[in-house]
Amino acid sequence: MKNKMKIPQEVLMNIDFINTVNGGMSQPTVEIESGQDGYQVMVKAPGIEAEDLQVEIIKNKLMVFHLLPIFAHDPEANSEYRSIRFISNLTIPNDVDLESIAAHYDETLLHVVIHLPYNQLHQGFHRKVDIERWK
């Protein structure tokens, strides 16, 4: 029987930190929950400031991203280029009210919470359609 290698908990907790210090990036996490009044999307992106995160809706897609600075090789150039790093690209379900989607940053848990409220389709939309008579 093989012995399992035991790695101290402190080492496991610091792997992400060491990766980030050496030029790497922390891996963001995205959790989706369905509630009584809508969906909640929680995005935790360690090492990224709340002001740098952006949430956009394009058609039926919910995109969470931030812009990474790309510095020019010429030190005298004052321009800074930026590249998009997508954190999440989700398809929004048909039962969500697109106009009422809202996001806020939770200072205590250090994550963005995006609320996607249900629309009338989720509550079993019902409407009688009158039939017109043509002559």
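The structure presented is a predicted model; accordingly, all values stated were derived computationally and were not measured.

Basis of the calculations
Residues numbered from 1 in each chain as written. Predicted model: local features only at pLDDT ≥ 70, side-chain atom pairs only at ≥ 80, totals over all residues. Heavy atoms only, no water. Helix = DSSP H or I, 4+ residues; strand = E, 2+ residues; numbered from the N terminus. Buried < 20%, exposed > 50% of the residue type's maximum accessible area, 1.4 Å probe, protein only. Contact = heavy atoms within 4.5 Å. Polar contact = N/O pair within 3.5 Å; in protein donor to acceptor, adjacent residues only side chain to side chain. Lys, Arg positive; Asp, Glu negative; His and termini not counted. Salt bridge = Lys/Arg side-chain N within 4 Å of Asp/Glu carboxyl O.

A.B. asks: Before we move on, can you summarise the overall build of the chain with the specific residues and values?
C.D. replies: Counting its secondary structure elements, the chain contains 1 helix and 7 strands. Put simply, the chain runs from its N terminus to its C terminus through helices and strands in the order α-β-β-β-β-β-β-β. Within the span of the chain, comprising 135 residues, buried residues form 23% of the whole. Considering only contacts within the chain whose residues lie at least 6 apart along the sequence, 45% involve residues at least 24 apart.

A.B. asks: Tell me about the environment of T108, and name the residues and values.
C.D. replies: Within the secondary structure, T108 is located in the loop between β6 (102–106) and β7 (111–117). Using a relative accessible area of 70% as the deciding quantity, one classes T108 as exposed. Within polar-contact distance, the side chain of T108 engages the side chain of D106 at 2.6 Å.

A.B. asks: Summarise the side chain of D106; cite the residues concerned and give the values.
C.D. replies: Examined against the element boundaries, D106 turns out to sit in strand β6. Here D106 is buried and forms no salt bridge, its nearest opposite-charge partner K44 lying at an N-O distance of 9.6 Å.

A.B. asks: Would you mind going over unusual backbone geometry in detail, with residue names and values included?
C.D. replies: Here K59, not a glycine, exhibits a phi torsion of approximately 55°, which is positive. Of note, K59 is situated in the loop between β3 (53–58) and β4 (61–71). Even without being a glycine, L110 presents a positive backbone phi close to 55°. Relative to the elements of secondary structure, L110 occurs in the loop between β6 and β7.

A.B. asks: Please set out the environment of H122 residue by residue, giving values where relevant.
C.D. replies: One can find H122 in the segment after β7. Overall, H122 belongs to the partly exposed group, its relative accessible area being 37%. On a C-alpha basis, the gap between H122 and N94 in space is 8.5 Å, while along the polypeptide they are 28 residues apart.

This is a description of form; function is not addressed.
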